[in-house]
Amino acid sequence: MKEKLLHLTNRQRLILAVSFAATVFIALLVYITGGTPSVYANLMYVIIALVSASFGKRLGLIQALFGGLLIGPSVNYMLHENTFYGGISNNWMIRLFIFSVIALIIGYFSDSSRKNNHFITNLLTHDNITNLKNLEAIKREDVKDPAQRTIVVVSVKNYEETLSFFGYTFGNQIVTNFADKLKEALSKFENTEIYRYAGMEFVIRIRDSAGGASVDDVINAINELDESILLVRSIPIYIELEIGIAKHDEATPILETVRKALIALRYASDNELKSNVFDSHLECHYKSVVDVASSFSSALSNRDIQSAYQYIYSAASDQVQGAELLARWLKADDTSIYPNTFVPIIEKTELIHELTSFMTDEAIFFLKTQELENFSASINFSAKDFTDKNIHNFLRKIDASGIAPGKFQIEITERILVKVDDILRYLILLSEHGVTIAVDDFGTGYSSYQYVAEMPIDLIKIDKSIIMKIGSSNVYKSLVKSIVYFCRENQITTLAEGVETLEVANTCKEIGVNLLQGYYYHKPQMTRKVHVECVCPEESSFKR
Ligand code: C2E
Ligand code: CA
Ligand code: CA
């Protein structure tokens, strides 16, 4: 009971104090007005109802007894010359009984409603798989807890894969098993609390307390579980962890700090780091990613997205053979954002189709302005472009242009060759239509000759990172030689990218590369002479 009283809220303490004072006050009124026949004795019902409704039947009963005895025998004693059972008021026992019954009835309903509330709160604030608290709990506790905290988010890598492979029930067992290990690892630290966030992501709150565990102590304990084996139904499951950390400050709601720790975790995961601490640059990074994606469509309609062309030369004649079209995002100050910045972002979204469609229009425009006979225009395709709808749209567009399909070339990376389902079907379709197919950045990825041999590939573009080194390294020179040899045997044309010097151009010619592309010959130029006017600066020039 003493312990319970200690856990009372300030509001409850106030109710108790007021009830005590009111009881004494009512007893005095009863005494002054001549005893219990006075109407004031009935006020005691209000106090009994208040206490039993607020604290349940135990305290309600105490209040009923206290009130009943005070206005019963005590008042009688004072009024009737030291006699507890004086005259008219000896029915106090029946009144005490009625008070007690009322306290018990109200207290009973109050207790059971409190139990229900407790049950519902428990459901709301606990995760039903691990029985750990959840984020709702952290949010509620936040109000009461002003201590400085650090939030650590721990995630088990590749859990989704395990889940989709073994199924939901087994997945839940992994979660429970891991949660138990985590609880055990952190049980020695009194200032830490574990919450389940979602899937295999757990939030750990570390309170700053004198003599308590430091953030490093907690991280070290968590790391004991990293790269370990979890035995679930005798199946050994390999566990690898990623950690995001964020320091909490008083002015921010705790869920905001959890969000920051999750951003730090995401960054760790994207960059293959074991752990990462949140700082505001991370937020800027993700914000600018969102800015790029959200402003791309309007940039396209404002004509801030443009194309540049870079000529491609024949190694045999040094004559222009074609050009590659490269995307540019123009800013209000007439500088451009390069595609390595924005293409990887929009490639993650469906916006990439808008870019490819735009670049196809640009290729058509560009080819219409060229007079050379065997001139081709090359555009870069992304993995997401390989769907029935997009490939048919592309073919329809080039058919409608009236230009021979053979003048169009698409560039795909080795990654696309390996990863995209049905890629062979699409390449055959394009190839049968007359479009030529180039493998871009060859030598940086899988360099799978087998894939190249099995697909209708017309051209291999040897990556600039290799070409730039052929002047100084025999290893790279022989690598290029072997690519050229393989292509020659398979009737595939070769192109050297990133030719920046005469020396490199000559070495490529000596090895037998067919086509050359690079700053030594031609730097990318804007396809159309554009005058940028009236562009909202915030939309077109986001900062990085
Ligand atoms: P990429 O397809 O390998 O394009 C060649 C890149 O090398 C271009 O960079 C070009 O400007 C640059 N380059 C050309 N010659 C030289 C040289 O001699 N030295 C050096 N250091 N670089 C040279 P850019 O325009 O910044 O494009 C970067 C990448 O962005 C492209 O690499 C391509 O993967 C992607 N990209 C560009 N436009 C598009 C597009 O319209 N759609 C898609 N999906 N990707 C695009
Ligand atoms: Ca390319
Ligand atoms: Ca390339």
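Residues numbered from 1 in each chain as written. Chains lettered and ligands numbered in written order. Predicted model: local features only at pLDDT ≥ 70, side-chain atom pairs only at ≥ 80, totals over all residues. Heavy atoms only, no water.

**Q** Mind showing me how you'd approach the packing of helix α10 (residues 254–270) against helix α11 (residues 280–301) here?
**A** The description of two helices packed together rests on the angle between their axes and the distance between the axes. Packing of α10 against α11 brings their axes to within 10 Å, and their N-to-C directions diverge by 75°. In this view, α10 runs roughly perpendicular relative to α11, as classed from their interaxial angle. On α11, the residues that touch Arg 259, Ile 263, Ala 264, Arg 266, Tyr 267 and Asp 270 of α10 are Leu 282, Glu 283, His 285 and Tyr 286. Considering only residue class, the contact of α10 with α11 consists of 5 nonpolar, 1 polar and 4 charged. (Axes fitted to C-alpha atoms, helices over the stretch in contact; angles between N-to-C directions. Helix = DSSP H or I, 4+ residues; strand = E, 2+ residues; numbered from the N terminus. Parallel < 35°, antiparallel > 145°, perpendicular 65-115°, else oblique. Contact = heavy atoms within 4.5 Å. Nonpolar A, V, L, I, M, F, W, Y, C, P; charged D, E, K, R; others polar.)

**Q** Looking at this structure, how should I read the coordination of the calcium ion (ligand 2)?
**A** Six octahedral donors around a metal ideally make angles of 90 or 180 degrees; four tetrahedral donors ideally make 109.5 degrees. The protein atoms that coordinate the calcium ion (ligand 2) are Glu 324 (OE), Asn 380 (OD1), Glu 411 (OE) and Asp 440 (OD), at distances of 2.1 to 2.3 Å. Each donor residue of the calcium ion (ligand 2) belongs to the same chain, with the gaps between them written as E-x55-N-x30-E-x28-D. In this structure, the calcium ion (ligand 2) lies 4.0 Å away from the calcium ion (ligand 3), the two metals sharing Asp 440 as a donor. Note that Asn 380 is positioned in strand β11 (residues 376–380) and Asp 440 in strand β13 (residues 436–442), a separation of 60 residues in sequence. (Donors = N, O, S within 2.8 Å, 3.2 Å for Na, K, Ca; no water.)

**Q** Can you help me understand the coordination of the calcium ion (ligand 3) in this one?
**A** On the protein side, the calcium ion (ligand 3) has Asp 440 (OD), Asp 441 (OD), Glu 497 (OE) and Glu 497 (OE) as donor atoms, found 2.0 to 2.8 Å from it. For the calcium ion (ligand 3), the donor residues sit on a single chain with the sequence spacing D-D-x55-E. Note on Glu 497: relative accessible area 7%, which makes it buried. (Buried < 20%, exposed > 50% of the residue type's maximum accessible area, 1.4 Å probe, protein only.)

**Q** Before we go on, may I ask you to explain the domain arrangement of the chain in this structure?
**A** Many authors give the size of an interface as the accessible area that is lost as the parts come together. The assigned domain composition of the chain is domain 1 (2–125), domain 2 (135–278) and domain 3 (297–541). Here domain 1 and domain 2 have C-alpha centroids that lie 49 Å from each other. (Domains from an automatic or database assignment.)

**Q** Is there a simple way to think about the nonpolar core in this case?
**A** As a rule of thumb, soluble globular proteins bury nonpolar side chains together. Of all hydrophobic cores here, the largest spans 74 residues; its most connected members are Phe 386, Leu 427, Leu 430, Ile 457 and Ile 460. Sort the elements by how many residues they give to this core and helix α13 (residues 352–368) lands first, with 8 residues. Among the nonpolar cores identified, the runner-up in size contains 33 residues, and Val 156, Leu 163, Ile 194 and Ala 221 belong to it. (Core = buried A, V, L, I, M, F, W, Y, C linked by side-chain atoms within 4.5 Å.)

**Q** I would appreciate a short explanation of the pairing of strand β5 (residues 235–239) in the present structure.
**A** Strand residues, when the strand is regular, have side chains that alternate between the two faces of the sheet. Where strand β4 (residues 228–232) and β5 come together, 5 bridges link them in antiparallel fashion. Paired with Ile 229 across the strands is Tyr 238, a residue of β5. Counted between consecutive antiparallel strands, the loop separating β4 from β5 contains 2 residues, among which Arg 233 sits at a positive phi close to 45°. (Pairing = 2+ DSSP bridges.)

**Q** Just to check I follow, could you spell out the layout of surface pockets for this structure?
**A** Summary: where empty space remains is shown by rolling a probe the size of a single water molecule over the atoms. Taken as a whole, the largest pocket encloses approximately 1,600 Å³ of empty space. Lining the largest pocket we find 50 residues, and of these Leu 326, Asn 340, Asn 380, Asp 440 and Asp 441 sit closest to its centre. (1 Å grid on protein atoms, 1.4 Å probe; cavity = no way out; pocket = protein on both sides within 12 Å on 5 of 7 lines; lining within 4 Å. Points joined across faces, edges and corners; volume = space filled by probe spheres on them.)

**Q** How should I be thinking about unusual backbone geometry in this particular structure?
**A** Despite not being glycine, Arg 233 has its phi angle at roughly 45°, a positive value. Within the secondary structure layout, Arg 233 lies in the loop between β4 and β5. At Asp 318, a position not held by glycine, the phi torsion is positive, near 60°. Relative to the assigned elements, Asp 318 resides in the loop between β8 (305–314) and β9 (320–330).

**Q** It is not clear to me how the sheet that holds strand β2 (residues 192–198) should be interpreted in this structure. Could you clarify?
**A** Two orientations exist for strands paired in a sheet by backbone hydrogen bonds: parallel and antiparallel. Taken in spatial order, the 5 strands of this open sheet run β2-β3-β1-β6-β7, and their pairing is mixed. Among the strands making up the open sheet, the edge pair consists of β2 and β7 (275–277). In this sheet, adjacent strand axes meet at a mean angle of 20° when their direction is disregarded. Where strand β6 (residues 241–247) lies against β7, 3 bridges are found, and the strand directions are parallel. Bridging across to β7, Ile 245 finds its partner in Val 277. Across the face of the sheet, α10 comes into contact with β1 (149–156), β2, β3 (201–207), β6 and β7 while running at roughly 140° to β6.

**Q** It is not clear to me how a nonpolar patch on the surface should be interpreted in this structure. Could you clarify?
**A** Residues Phe 20, Val 24, Leu 28, Tyr 31, Ile 32, Tyr 77 and Met 78 make up a contiguous nonpolar surface patch of roughly 670 Å² in combined accessible area. Residue placement: Ile 32 occurs in helix α2 (residues 10–32). For Ile 32, a relative accessible area of 64% corresponds to the exposed category. (Patch = residues over 30% accessible without salt bridge, like charges linked within 9 Å, V, L, I, M, F, W, Y side chains within 5 Å. Areas by Shrake-Rupley, 256 points an atom, 1.4 Å probe, with all protein chains shown as cover. Salt bridge = Lys/Arg side-chain N within 4 Å of Asp/Glu carboxyl O.)

**Q** Help me understand the site of ligand 1 in this model?
**A** Every one of the 24 residues lining ligand 1 counts as a neighbour, but Gln 310, Arg 328, Asp 440, Glu 500 and Tyr 519 are closest to it. Contact between ligand 1 and Gln 310: a nitrogen atom at 2.9 Å from a side-chain N or O atom of the residue. A distance of 3.2 Å separates an oxygen atom of ligand 1 from a polar side-chain atom of Glu 324. Contact with the protein chains covers 87% of the free accessible surface of ligand 1, which is 800 Å². Because more than half of its atoms lie within 2 Å of the grid, ligand 1 is assigned to the largest pocket. Split into classes, the residues belonging to the shell around ligand 1 amount to 11 nonpolar, 6 polar and 7 charged. (Near = heavy atom within 4 Å. Polar contact = N/O pair within 3.5 Å; in protein donor to acceptor, adjacent residues only side chain to side chain. Sits in = over half its atoms within 2 Å of the grid points.)

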